[in-house]
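Residue-level structural notes
Single-letter residue listing:
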Amino acid sequence: MKLDATDLRYITSEEFRVLTAVEMGSKNHEVVPTPLIVQISGLRNGGVNKYLGELAKRNLVAKVQNSRYDGYRLTYGGYDYLAMRALSRRDSMYSVGNQIGVGKESDIYIVADNDGKELVLKLHRLGRISFRAIKEKRDYLGKRKSASWMYMSRLAAQKEWAFMKVLHEHGFPVPTPVDQARHTILMEFIDAYPLRQVSDVASPGALYSILMDLIVRFAHAGLIHGDFNEFNILIRRETGEPIVIDFPQMVSTSHMNAEYYFNRDVECIRTFFRRRFDYESKLYPRFKSTLKEGGAQDGEAFRLDVMVAASGFKKSDQQTLEEYMNSLKEPEDGEEGFGSGSEDEESEGASEESSAEDENADGEDVRERAAAEASQHRARQQRKYHSKRGAQKVGGRHKGSKAKQDTRVKPDRGGFWD
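Residues numbered from 1 in each chain as written. Predicted model: local features only at pLDDT ≥ 70, side-chain atom pairs only at ≥ 80, totals over all residues. Heavy atoms only, no water.

1. A word on the overall build of the protein
Across its full length, the protein carries 13 helices and 15 strands. Within the protein, the fraction of its 418 residues that count as buried is 52%. Considering only contacts in the protein between residues 6 or more positions apart, those separated by 24 or more positions represent 72%. (Helix = DSSP H or I, 4+ residues; strand = E, 2+ residues; numbered from the N terminus. Buried < 20%, exposed > 50% of the residue type's maximum accessible area, 1.4 Å probe, protein only. Contact = heavy atoms within 4.5 Å.)

And the structure:
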């Protein structure tokens, strides 16, 4: 769903009160009965019906009426408005501009604060994929069976906020976090472009080394990105410094599948450099040797995964979100495999090469499984970003329009909340 903040300035405090009541009722009801909305909001019955009608006209709530239920459910538009109102009340956000990114699990917008400083607003959209197929396999919500998309999107935002904040505080190259509300995250705007758009670099070996060292640095701090590829790495336009984004899939090095996720991150970078720059190196980090190096250098005092767990994002929340994210990664037909490698070269500053004898059979199996998964994941993202069908879904005007899409970012400097 595309964010439309036009009507935000016209929503009254009473309507927001009713909208909040629908959100609160959604915790235990898939369709919130009107009498319950009246009870939670504390407004008169007749007034609530009027406000619900106005909210339904703006597609902030949806009326559901059948033989069993007569009530309302919250839409993504209503959830967006509640989050943006919370950000505006904290003076974190003042105006909303153009959409600059769209994906299967999030939407990205340019916004501005009271001083006109450009920021990035990320809205998690985990409910974009139907929950019906997932519920048929397994109930990832436990006793909670309603408001699944709101619950999962909020968990994803909370997790990304927790990881981004602790990584930024410890000097990792990530965007500066500004604020978080419900399923949204507000962060700094970086003048950069995705690594997938880079067709040529002066020294592929140097960039390869920086990225591999960054994977090792994450591991030494007790973390694994879990989706470290050309789609989630930005390159600063002026300095060429890499910036890492997108953390909902980040896991601890103590995770039961930590070695698998680590090897998949490594294989994603190796495959990209082999295909894009015709560059391949014998040097790449190994999971077990990396953990040994990290333990010798940093000891037990520097464990960012422990700090994140202490920040309020519970282990149970991590497990719930992880199971849901994994349920969306089933292989699709026609996925391509790894291409053949080019001549081996040595990279500058990469992790020390460990001999093949140091790797046991189990380690080889994990690397092969990670390589296959990395290939499938990259193929899916290639189709999403580079296929004709995928291009038609990414922003812009409707299919068939002859007008060209204006790619320039034009934040609305006029505020919505006077």
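Let us keep going from here.
2. Thoughts on the packing of helix 7 (residues 204–220) against helix 8 (residues 258–276)
As a packed pair, helix 7 and helix 8 sit with axes 11 Å apart at the nearest point and diverge in direction by 170°. Classed by the angle they form, the pair helix 7 and helix 8 counts as roughly antiparallel. From helix 7, Pro204, Leu207, Tyr208, Leu211, Met212, Ile215 and Ala219 reach across to helix 8, where they touch Phe262, Asp265, Val266, Ile269, Arg270 and Phe273. (Axes fitted to C-alpha atoms, helices over the stretch in contact; angles between N-to-C directions. Parallel < 35°, antiparallel > 145°, perpendicular 65-115°, else oblique.)

3. Concerning the packing of aromatic side chains
Evaluation of the coordinates by the stated rule reveals nine aromatic pairs. Between phenylalanine 172 and phenylalanine 218, the aromatic rings sit 5.1 Å apart at their centres with planes inclined by 10°, giving stacked as the arrangement. Separated by 46 residues along the polypeptide, phenylalanine 172 in the loop between helix 6 (148–169) and strand 7 (177–181) and phenylalanine 218 in helix 7 bring together distant segments of the chain. A relative accessible area of 4% places phenylalanine 172 in the buried class. Look at phenylalanine 218 and you get buried, because its relative accessible area is 1%. Relative to phenylalanine 273, the ring of tyrosine 208 lies with its centre 5.6 Å away and its plane at 80°, an arrangement referred to as edge-to-face. You can see tyrosine 208 sitting in helix 7 and its partner phenylalanine 273 sitting in helix 8, a full 65 residues away along the chain. (Phe/Tyr/Trp six-rings, centres within 6.5 Å; stacked < 30°, edge-to-face > 60°.)

4. Here's the deal with empty space enclosed by the protein
Overall, the coordinates contain two cavities of 30 Å³ or more when judged by the stated rule. In this model, the second largest cavity occupies a volume close to 40 Å³. When residues of the lining of the second largest cavity are traced back to their parent elements, those giving at least two are helix 7, strand 10 (223–224) and helix 8. Per-class residue counts for the lining of the second largest cavity are seven nonpolar, one polar and one charged. (1 Å grid on protein atoms, 1.4 Å probe; cavity = no way out; pocket = protein on both sides within 12 Å on 5 of 7 lines; lining within 4 Å. Points joined across faces, edges and corners; volume = space filled by probe spheres on them. Nonpolar A, V, L, I, M, F, W, Y, C, P; charged D, E, K, R; others polar.)

5. Thoughts on the side chain of arginine 264
Considering the arrangement of structural elements, one finds arginine 264 in helix 8. Of note is the side chain of arginine 264, whose polar atom sits 2.5 Å from the backbone oxygen of glycine 226. (Polar contact = N/O pair within 3.5 Å; in protein donor to acceptor, adjacent residues only side chain to side chain.)

6. Regarding the pattern of salt bridges
Considering all chains together, one arrives at 15 salt bridges under this definition. Residues arginine 90 and aspartate 179 are paired through a salt bridge, measuring 2.9 Å at the closest nitrogen-oxygen approach. With a gap of 89 residues between them, arginine 90 in the loop between helix 4 (76–89) and strand 4 (95–102) and aspartate 179 in strand 7 connect regions that are remote in the sequence. A residue is classified by how much of its surface remains accessible, and arginine 90, at 43% relative accessible area, is partly exposed. (Salt bridge = Lys/Arg side-chain N within 4 Å of Asp/Glu carboxyl O.)

7. Considering the nonpolar core
Ranked by internal contacts, the top residues of the largest apolar core, which has 47 residues, are Leu167, Phe228, Ile269 and Phe273. Looking at this core, the elements with two or more residues in it are strand 5 (106–112), helix 6, strand 8 (184–188), helix 7, strand 10, strand 11 (233–236) and helix 8. Look past the residues within four positions of isoleucine 269 in its chain and what remains in contact with it is Tyr208, Leu211, Met212, Ile215, Phe228, Asn229 and Ile233. If you look at the next biggest cluster of nonpolar residues, it comprises 38 residues, including Ala5, Leu8, Val38 and Ala86. (Core = buried A, V, L, I, M, F, W, Y, C linked by side-chain atoms within 4.5 Å.)

8. A few points about unusual backbone geometry
Not every positive phi belongs to a glycine, and arginine 182 is a case in point at roughly 50°. With phi around 55°, aspartate 278 is a residue other than glycine that occupies positive phi space. Within the fold, aspartate 278 resides in the loop between helix 8 and strand 14 (280–281).

9. Observations regarding the sheet that holds strand 2 (residues 61–65)
Strand order in the open sheet formed by three strands is 1-3-2, and the pairing between neighbours is antiparallel. Each edge of the open sheet carries a strand with a single partner, namely strand 1 (32–33) and strand 2. Bridge count between strand 1 and strand 3 (residues 70–74): two bridges; the pairing is antiparallel. Across the sheet, valine 32 pairs through a bridge with tyrosine 72, a residue of strand 3. Contacts from helix 1 (residues 13–25) reach strand 1, strand 2 and strand 3 within the one sheet, and its direction differs from that of strand 3 by about 95°. (Pairing = 2+ DSSP bridges.)

10. Some remarks on the confidence of the model for the protein
Confidence in the prediction of the protein, expressed as mean pLDDT, is 77, and 67% of residues score 70 or more. The low-confidence segment residues 330–361 (pLDDT under 50) makes 70 contacts with residues lying over four places distant or belonging to another chain. For residues 390–418, every residue scores under 50 in pLDDT, and the model assigns this stretch 42 contacts once sequence neighbours within four places are set aside. (pLDDT = per-residue confidence, 0-100.)

11. Re helix 3 (residues 45–57)
In this model, helix 3 (13 residues) spans 19 Å end to end at C-alpha, consistent with the 18 Å of a helix rising 1.5 Å per residue. Along helix 3, the residues that are buried comprise Val48, Tyr51, Leu52 and Leu55. Summarising the axial view, the buried residues of helix 3 lie within an arc of 105°, below the 170-degree limit, and thus occupy one face. Among the exposed residues of helix 3, those pointing more than 90 degrees away from its buried face are Gly46, Lys50 and Lys57. The inward-facing, buried residues of helix 3 abut helix 1, helix 2 (34–41), strand 2 and strand 3. Asparagine 59, located one to two residues past helix 3, shows a positive phi value of around 60°. (Expected span 1.5 Å × (residues − 1). Arc of directions from axis to C-beta.)

12. Things to note about the pairing of strand 4
Judged from the five bridges that link them, strand 4 and strand 5 form a sheet pairing that is antiparallel. Counterpart to valine 96 in the pairing with strand 5 is valine 111. The antiparallel pairing of strand 4 with strand 5 creates a hairpin that spans three residues between the two strands.

13. Some words on the environment of isoleucine 100
Positionally, isoleucine 100 belongs in strand 4. In sequence terms isoleucine 100 and valine 120 are 20 residues apart; their C-alpha atoms lie 9.1 Å from each other.

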